[in-house]
Amino acid sequence: MAFELPALGYAYDALEPHIDARTMEIHHTKHHNGYTTKLNAAIEGTDLAGKSIEDILTGLDMTNGAVRNNGGGYYNHCLYWEVLNPENKGRLSGKLLEAINAAFGSKEEFEKQFAAAAGSRFGSGWAWLCAHEGGKVEICSTPNQDNPLMPGVGCGGTPILGIDVWEHAYYLNYQNKRPDYVKSFIDIINWNAVEKKYEATL
Ligand code: MN3
């Protein structure tokens, strides 16, 4: 079974004005599609074919550049689309709110630290909120298409929220103003989806 580019759960223009439709369309149909196609080509005929993406990433040989870059790119973007949705703006509750309060003191302080991690990632990469065994949450960041599931990368937890800070994620609308994009991203986090991912790790 080859990996497939997932459909978005919303229209390309659904996140405007935070993220513009053209950026979303190119990001999904060109970038994510490219990672998906190249991942499939990289694993075809190898013992990785047929494994879940999580198994591929957690057991990854980090010297395998094609699977590292394209497997990471495939997984990371699947998560990115899922954690965005303008309609769930601001609703963070339940066990995840408790874990965020325990780790950061408040949702506002979490947002500050998450924005700082995204803003200070030099060049291309991602910032993450990860859940560890026992329910503790932590922020980390990774370069390129690396992912905390990969061995020796990031904070080693399960990513439940991720922001893409590659320029292709924001440059058409925000140019060099990454902090403005990060702020907009935080405003449209689908907290219901993030909570579900968190609760699945407990
Ligand atoms: Mn991207």
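So, how was this worked out
Residues numbered from 1 in each chain as written. Predicted model: local features only at pLDDT ≥ 70, side-chain atom pairs only at ≥ 80, totals over all residues. Heavy atoms only, no water. Core = buried A, V, L, I, M, F, W, Y, C linked by side-chain atoms within 4.5 Å. Buried < 20%, exposed > 50% of the residue type's maximum accessible area, 1.4 Å probe, protein only. Helix = DSSP H or I, 4+ residues; strand = E, 2+ residues; numbered from the N terminus. Contact = heavy atoms within 4.5 Å. Axes fitted to C-alpha atoms, helices over the stretch in contact; angles between N-to-C directions. Parallel < 35°, antiparallel > 145°, perpendicular 65-115°, else oblique. Left-handed = near helix turned anticlockwise from the far one by under 90°. Pairing = 2+ DSSP bridges. Nonpolar A, V, L, I, M, F, W, Y, C, P; charged D, E, K, R; others polar.

A word on the nonpolar core. Counting 45 residues, the largest nonpolar core has Val137, Leu161, Tyr181 and Phe185 as its most contacted members. Mapped by element, the contributors of at least two residues to this core are helix 3 (65-82), helix 4 (94-104), helix 5 (107-120), strand 1 (125-131), strand 2 (137-143), strand 3 (158-164), helix 7 (178-187) and helix 8 (191-201). Ranked by residue count, the leading element in this core is strand 1, at 6 residues. Not counting residues up to four positions away in its chain, the partners in contact with Leu161 are Leu79, Val83, Phe110, Phe114, Ala127, Trp128, Leu129, Phe185, Ile189, Trp191 and Val194. Counting residues in each nonpolar core, the second largest holds 15 residues, with Ile56, Leu60, Tyr74 and Cys78 among its members.

Where helix 4 contacts helix 5, the axes come no closer than 8 Å and their chain directions differ by 70°. In terms of axis orientation, helix 4 runs roughly perpendicular to helix 5. The interaxial crossing formed by helix 4 with helix 5 has left-handed handedness. Facing helix 4, whose interface residues are Ile100, Asn101 and Phe104, helix 5 presents Lys107, Glu109, Phe110 and Gln113.

Strand order in the open sheet made by the 3 strands is 2-1-3, with antiparallel pairing throughout. The sheet terminates laterally at strand 2 and strand 3, the two strands that pair on one side only. Neighbour-to-neighbour, the strand axes of the sheet open up by a mean angle of 25°, direction not taken into account. Inspection of the sheet shows strand 1 paired to strand 2 by 7 bridges, in the antiparallel sense. Of the residues in strand 2, the one forming a bridge with Ala131 is Val137. The sheet strands contacting helix 5 are strand 1, strand 2 and strand 3, and the helix crosses strand 1 at an angle near 145°.

In this section: the pairing of strand 1. The element strand 1 is largely enclosed, with a buried count of 7 among its 7 residues. Between strand 1 and strand 2, which follow one another and run antiparallel, lie 5 residues, and Gly134 among them has a positive phi close to 90°. Relative to strand 3, strand 1 runs antiparallel, the two being bridged by 6 bridges. What sits directly across from Trp128, in strand 3, is Gly162.

Attention shifts here to the packing of helix 1 (residues 21-43) against helix 3. The contact between helix 1 and helix 3 brings their axes to 8 Å, and the two run at 140°. Our classification of the angle between helix 1 and helix 3 gives oblique. The two elements helix 1 and helix 3 cross, and the hand of that crossing is left-handed. Along its contact with helix 1, which presents Met24, His27, His28, His32, Gly34, Tyr35, Thr36, Lys38, Leu39, Ala42 and Ile43, the element helix 3 presents Ala66, Val67, Asn69, Asn70, Gly71, Gly73, Tyr74, His77, Cys78, Tyr80 and Trp81. The residue makeup of the contact of helix 1 with helix 3, split by class, is 11 nonpolar, 10 polar and 1 charged.

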